[in-house]
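Observations on chain architecture
One-letter residues, chain by chain:
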Amino acid sequence: MKKILYSIVVVIVFVICIAIYIRIYFYYIPGLAVSTFEQKKESLEIDIKKQIQEAWGSDNALLFFKDYGGAKYLRMDMDAVRLIDKRQDSNMPPYELAWNLFPNGRYGNSVRMAFESVRPGNFSDLYDLYYIQSRPWVGTYIVPDQDLYTIEVFNYYPVFVGYKTENISLRNYRPSLDDCCIDAKKYIQEEDKDNRMYYKPQNEDKVNKIFNLRNDYYYFQFRSFFETNMPNSYTDEFDFANFNFNNHDKFRFPYGNLRWIYNGFYKVYYMSQRSGTMYLSFNDTQYNQDLDSFVIEKRRICNILFLLLAILSIITLTMFYIRNKKNNVRKVYIEEPSANKLTAYEQVINLSNPEKFIKPYQPDKLEKANRIYSNALNNKENIDILEKLLEEAKTL
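Residues numbered from 1 in each chain as written. Predicted model: local features only at pLDDT ≥ 70, side-chain atom pairs only at ≥ 80, totals over all residues. Heavy atoms only, no water.

**Topic: the environment of Lys86**
Structurally, Lys86 is set in the loop between α2 (78-85) and α3 (94-101). Once the C-alpha coordinates of Lys86 and Arg119 are considered, the two residues, 33 residues apart in sequence, prove to be 9.5 Å apart. (Helix = DSSP H or I, 4+ residues; strand = E, 2+ residues; numbered from the N terminus.)

See below:
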């Protein structure tokens with residue numbers, strides 16, 4: 001009975017262990033992984049945002065310039081420039097003349113963009129205009145969008161250099177195209193009231209530091225403004241045919257704005273263009289990989305512990321079986337001699353009972369029977385004597 005109860009208890013315990021294993025393997029470990037890495041995610045988010053705030057410091061916008069040198073210039077057809085510059089808003093969409101007169105092969109898109117983004121007459125005071133094929137410098141201006149972690153990125157780059165008609169007689173003394181571009185950059189850096197407060201020579205390093213801040217899960221990622229916010233804006237979203245130069249929303253106009261810097265000799269036109277947005281991005285791939293690795297590792301430990309428990313249970317059952325078998329053998333071994341002693345004693349008593357030899361009276365056998373009978377009574381626990389007495393009793 002004890003053996004059956006013990007087996008039932010072992011089975012119940014094993015079933016409970018299996019249930020616990022299933023719960024840990026399929027529910028507890030995944031839940032623990034999510035909890036652990038959500039805490040890590042929150043901690044890393046707080047940490048990266050703190051670093052970004054410290055990197056910005058007291059600045060609310062940053063401007064820096066990169067010099068490339070080796071600028072190339074292409075003199076433009078002033079007849080075509082004047083034709084486009086004299087267009088009438090009411091009867092000619094501004095992009096059409098620029099598209100037809102300045103095809104993409106000879107000039108870049110920035111030429112058409114430049115003429116499209118200003119009203120007529122802005123080139124009327126020039127006698128020479130040069131398109132900048134290879135830019136001598138590019139300015140980058142960054143400013144937080146709604147917070148420090150979503151940053152608008154703008155680029156400034158020169159498009160044209162034009163020499164003013166009022167000084168045509170001094171053309172031999174006019175500054176070079178390179179000097180015009182250099183002076184324009186210095187003006188933006190040092191004198192332009194809209195930009196000078198944001199420029200410092202060390203800003204490039206500061207901007208690179210901000211954009212290179214990262215940890216296991218967070219980093220800055222660039223999203224192109226043209227690809228995400230204005231798909232097909234050139235032909236689909238912006239109504240050039242009904243565009244009115246005297247009343248328009250500059251934020252709806254695609255690509256950017258054309259501005260210029262001038263003195264008595266020249267005008268340098270530069271495009272101010274939003275190129276995209278740097279935003280704090282979450283690394284889902286790394287997060288999921290870490291989550292999966294954690295689950296795999298913990299489940300491996302769970303499997304090892306369950307395997308050890310199964311082996312321990314098997315060893316325990318085996319030892320119980322062996323011990324129980326030995327106990328049964330020992331019990332049989334102990335009880336069997338007792339049964340033999342009782343049988344020998346009974347046989348001796350039965351065979352040597354003196355009453356058997358009184359009627360009919362057998363004096364010789366009676367005397368021998370009395371001796372055997374008496375010895376059996378005195379040695380009923382001694383199997384050796386009983387076996388000898390049994391042999392004598394069998395001869396009566």
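**Here's the deal with the nonpolar core**
Of all hydrophobic cores here, the largest spans 31 residues; its most connected members are Ile52, Ile142, Ile151, Ile210 and Phe211. For this core, the secondary-structure elements that each account for two or more residues are α1 (2-56), β1 (62-67), β5 (150-164), α6 (203-212), β6 (218-224), β8 (266-282) and α9 (284-351). Ranked by residue count, the leading element in this core is α1, at ten residues. For Ile142, the residues in contact, after removing those within four places along its chain, are Trp56, Ala61, Leu62, Ile151, Glu152, Val153, Val207 and Phe211. Grouped together as the second largest cluster of nonpolar side chains are 25 residues, Tyr156, Ile188, Ile261 and Tyr270 included. (Core = buried A, V, L, I, M, F, W, Y, C linked by side-chain atoms within 4.5 Å. Buried < 20%, exposed > 50% of the residue type's maximum accessible area, 1.4 Å probe, protein only. Contact = heavy atoms within 4.5 Å.)

**A closer look at the pattern of salt bridges**
As enumerated under the stated definition, the model contains 14 salt bridges in all. Two residues, Asp59 and Lys206, come together in a salt bridge whose shortest N-O distance is 2.4 Å. Within this pair, whereas Asp59 is found in the loop between α1 and β1, its partner Lys206 is found in helix α6, the two being separated by 147 residues in sequence. Measuring nitrogen to oxygen at the nearest pair gives 4.0 Å for the salt bridge that ties Lys66 to Glu204. Here Lys66 is found in strand β1, whereas its partner Glu204 is found in helix α6, with 138 residues between them in sequence. Looking at Lys66, the relative accessible area reads 37%, which means it is partly exposed. (Salt bridge = Lys/Arg side-chain N within 4 Å of Asp/Glu carboxyl O.)

**Structural notes on the pairing of strand β7 (residues 257-262)**
Relative to β8, β7 is paired through six bridges, and the arrangement is antiparallel. In the strand pairing of β8, Ile261 is matched with Val268. Linkage of β7 to β8, two consecutive antiparallel strands, is achieved through a turn of three residues. (Pairing = 2+ DSSP bridges.)

**Examining helix α11 (residues 383-393)**
Considered for burial, the residues of α11 that qualify are Leu386, Leu389, Leu390 and Ala393. For α11, the angular spread of the buried residues around the axis is 110 degrees, confining them to a single face. Seen from the open side of α11, the exposed residues pointing more than 90 degrees away from its buried face are Lys388 and Glu391. (Arc of directions from axis to C-beta.)

**Looking at the environment of Phe320**
By the secondary structure assignment, Phe320 is in helix α9. Judged by its relative accessible area of 24%, Phe320 falls in the partly exposed class. Separated by 313 residues in sequence, Phe320 and Ser7 place their C-alpha atoms 9.7 Å apart.

**Concerning the side chain of Gln189**
Mapped onto the secondary structure, Gln189 falls in helix α5 (residues 177-190). A relative accessible area of 11% places Gln189 in the buried class.

**Brief notes about the packing of helix α10 (residues 363-378) against α11**
Orientation of α10 relative to α11, taken along the N-to-C sense of each, is 160 degrees, at an axis distance of 10 Å. Considering the angle they form, α10 stands roughly antiparallel to α11. Where α10 crosses over α11, the two elements pack in a sense that is left-handed. Two secondary-structure elements touch here, α10 through Lys368, Arg371, Ile372, Asn375 and Ala376 and α11 through Leu386, Leu389, Glu392 and Ala393. (Axes fitted to C-alpha atoms, helices over the stretch in contact; angles between N-to-C directions. Parallel < 35°, antiparallel > 145°, perpendicular 65-115°, else oblique. Left-handed = near helix turned anticlockwise from the far one by under 90°.)

**Here we look at the packing of aromatic side chains**
Scanning the model with the defined rule gives 21 aromatic pairs in all. With a centroid separation of 6.3 Å and an interplanar angle of 85 degrees, the aromatic rings of Tyr130 and Tyr163 are classed as edge-to-face. One end of the pair, Tyr130, is in strand β3 (residues 126-134); the other, Tyr163, is in strand β5, with 33 residues separating them in the sequence. One exposure class covers both Tyr130 and Tyr163, and it is buried. (Phe/Tyr/Trp six-rings, centres within 6.5 Å; stacked < 30°, edge-to-face > 60°.)

**Some details on the confidence of the model for the protein chain**
Detailed reading of predicted coordinates is not advised where the pLDDT is low. Overall, the prediction assigns the protein chain a mean pLDDT of 84, with 83% of residues at 70 or greater. A low-confidence stretch, residues 230-238 stays under pLDDT 50, and its non-local contacts, those more than four residues away or across chains, total 20 contacts. (pLDDT = per-residue confidence, 0-100.)

**Considering α5**
Since the α-helix advances by 3.6 residues per turn, residues separated by three or four positions end up pointing in the same direction. Spanning 14 residues, α5 covers 20 Å between terminal C-alpha atoms, matching the ideal 20 Å at 1.5 Å per step. Leu177, Cys180, Cys181, Ala184, Lys185, Ile188 and Gln189 are the residues of α5 that are buried. (Expected span 1.5 Å × (residues − 1).)

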